[in-house]
Amino acid sequence: MTHPLLPATKAHLAQLIAFDTVSDRSNLALIDHVGRHFAALGAELTELRDTTGIKANLIARLGPPDRAGLVLSGHTDVVPAQAADWTTPPFQMHERNQRLYGRGSVDMKGFLACLMAVAPTMAARELALPLWFCFSHDEEVGCLGAPAIARYLSALPAPPKLAIIGEPSLMQLVTGQKGKIAMRVTVRGVGGHSSFAPRHVNAVEVAARLIGMIADRAARYAAEGPFDPDFTVPHPTMLATMIEGGIATNVTPAACGFTFEIRSLSEPQARADLAAFIAEAEAALLPAMQAVEPTAGIVWEEIFAYPAMTSATQTAGFAAFADRLPGFGGKVSYGSEGGVFETLGGIPSVIVGPGSIEQAHKVDEYIEIAQLDACLHFLDRLVNAR
Ligand SMILES: [Zn+2]
């Protein structure tokens, strides 16, 4: 049976999509909109602003504060959309073929719309455990908002015992997510007229050798692991992602910058691997560079990192809700805030959310209406049976 709250969910989703919350913009208008909805239901609200003051997380609590409850969490930001490429305007919801189109429809305003739709029913109940509805900022640019939520929740007298992150998982239970470290590398060489190349340090060539070493390290991960067969890509990955260098065909390039990432099964392991990689790369390349010019070098900067989500299934919090969670759907290589909740907040986390990650970050992003319906039934089951 179609869930009676499906029309309300669609209406909420249309409103949420209409807020242009691309990560480089303020999300305060959306936070204010969601906050007013929950305030009207008598929820206790906490708004956590970032240092810029134009981004905020919102936490809305229903139910008693003095018991360990459940977190239902999603991010409010979306990736950019080039309107010219879309069939219909990205920040207006459009329905066709049993799907709802719009930027953020699946990643992940569809889940947020479900939370808003079920909240009145939950507010009307005598809840035995608190529900913490969390709306974060800046997930798409490195889970920047989630740490403040994790710290807030972990400092509560009764921290929540489980977090459900509503990233698109086709409503299956996802119990693991890889961690990521994103790095920027700047090679500082020595430039000049390219006819004098032997007197220079060619930054593009050094970068090329570094990228070759990254590809070799990635091949070693694929061959030697560590492995976890529950992931679709069952080992860590490492790759270069952007590169820029050189100014003319007849100038030895003095500078080259590139970025790379490691996606890991465990953050401590990734940190150790990265340190070893940097030491090895510098030992191989720096002596020859600095023999030409002592100031030549390689600068390594971390752009952002978020931890893996790994361990919920072993916890009492997971056991308490296990019979209400859907069937196991594996582990995922994309990021989510679950790793942050686990690592910084000590809150076991899993992913269960409507729609498919296949449609995320794409032109003509959509969510199947049937997935929203399934999510509403799941949320009912989760809160009813206690
Ligand atoms: Zn997402």
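Residues numbered from 1 in each chain as written. Predicted model: local features only at pLDDT ≥ 70, side-chain atom pairs only at ≥ 80, totals over all residues. Heavy atoms only, no water.

Trainee: Please give an account of the coordination of the zinc ion that cites residues and values.
Mentor: Every protein donor of the zinc ion is listed here as His75 (NE2), Asp107 (OD), Glu167 (OE) and Glu167 (OE), and their distances to the metal cover 1.8 to 2.5 Å. Its 4 donor atoms give the zinc ion angles of 53 to 142° at the centre, a pattern that matches the irregular case. For the zinc ion, the donor residues sit on a single chain with the sequence spacing H-x31-D-x59-E. In this pair, His75 sits in strand E3 (residues 70-75) while Asp107 sits in helix H3 (residues 105-124), placing the two residues 32 residues apart along the sequence. By the burial criterion, His75 is buried, and Asp107 matches it. (Donors = N, O, S within 2.8 Å, 3.2 Å for Na, K, Ca; no water. Tetrahedral: all angles 85-135°; square planar, octahedral: opposite > 155°, others 65-115°. Helix = DSSP H or I, 4+ residues; strand = E, 2+ residues; numbered from the N terminus. Buried < 20%, exposed > 50% of the residue type's maximum accessible area, 1.4 Å probe, protein only.)

Trainee: Just give me the short version of the environment of Leu62, but keep the residues and values in it.
Mentor: Inspection of the secondary structure puts Leu62 in strand E2 (residues 56-62). Taking C-alpha positions, Leu62 is 53 Å from Glu280, a pair spaced 218 residues apart along the chain. Apart from the residues within four sequence positions on either side, Leu62 is in contact with Leu41, Ala43, Ala119, Met122, Ala123, Leu127, Leu129, Pro130, Leu131 and Phe133. (Contact = heavy atoms within 4.5 Å.)

Trainee: Please give an account of the sheet that holds strand E4 (residues 94-96) that cites residues and values.
Mentor: Overall, antiparallel pairing links the 3 strands, which are arranged E4-E5-E15 in an open sheet. Only two strands of the sheet have a single neighbouring strand rather than two, namely E4 and strand E15 (366-368). The mean angle between the axes of side-by-side strands here comes to 25°, regardless of whether they run parallel or antiparallel. Here E4 runs beside strand E5 (residues 99-101); their pairing, made up of 3 bridges, is antiparallel. (Pairing = 2+ DSSP bridges. Axes fitted to C-alpha atoms, helices over the stretch in contact; angles between N-to-C directions.)

Trainee: How would you explain the packing of aromatic side chains if you had to name every residue and give the values?
Mentor: Going through the model one piece at a time under the given rule, you end up with 8 aromatic pairs. Consider the rings of Phe258 and Phe260, whose centres lie 6.3 Å apart with planes at 35°: the pair is tilted. The exposure class of Phe258 is buried, given its relative accessible area of 1%. The side chain of Arg99 reaches across the aromatic face of Tyr366, ending 4.1 Å from its centre. Seen from the ring of Phe231, Lys178 lies directly overhead, with NZ or CZ sitting 5.5 Å from the centre. (Phe/Tyr/Trp six-rings, centres within 6.5 Å; stacked < 30°, edge-to-face > 60°. Lys NZ or Arg CZ within 6 Å of the ring centre and 35° of its normal.)

Trainee: Break down the packing of helix H4 (residues 146-154) against helix H8 (residues 338-345) for me, citing the residues and quoting the values.
Mentor: As a packed pair, H4 and H8 sit with axes 9 Å apart at the nearest point and diverge in direction by 45°. As summarised for this structure, H4 and H8 are arranged oblique, according to the angle between their axes. By crossing handedness, the relation of H4 to H8 is classed as right-handed. In this structure, H4 uses Ala146, Pro147, Ile149, Ala150, Arg151 and Ser154 to contact H8, whose residues at the interface are Val340, Phe341, Leu344 and Gly345. (Parallel < 35°, antiparallel > 145°, perpendicular 65-115°, else oblique. Left-handed = near helix turned anticlockwise from the far one by under 90°.)

Trainee: A description of the side chain of Asp107 should follow, citing residues and the corresponding values.
Mentor: Look at Asp107: it is buried, it has no salt bridge, and the nearest opposite charge is Arg103 at 7.6 Å. A polar atom in the side chain of Asp107 sits 3.0 Å from the side chain of His75. (Lys, Arg positive; Asp, Glu negative; His and termini not counted. Salt bridge = Lys/Arg side-chain N within 4 Å of Asp/Glu carboxyl O. Polar contact = N/O pair within 3.5 Å; in protein donor to acceptor, adjacent residues only side chain to side chain.)

Trainee: So, the pattern of salt bridges: which residues are in play, and what are the values?
Mentor: This structure, assessed with the given rule, holds 18 salt bridges. Of the charged contacts in the structure, one is a salt bridge between Glu47 and Arg49, with a shortest N-O distance of 2.7 Å. For Glu47, a relative accessible area of 40% gives the class partly exposed. The closest approach of N and O atoms between Glu302 and Arg271, which form a salt bridge, is 2.7 Å. Here Glu302 is found in strand E13 (residues 297-306), whereas its partner Arg271 is found in helix H6 (residues 267-292), with 31 residues between them in sequence. Of the residues examined, Glu302 reaches a relative accessible area of 42% and is grouped as partly exposed. Salt bridges here are not isolated pairs; linked through shared partners, they connect Asp20, Asp24 and Arg25.

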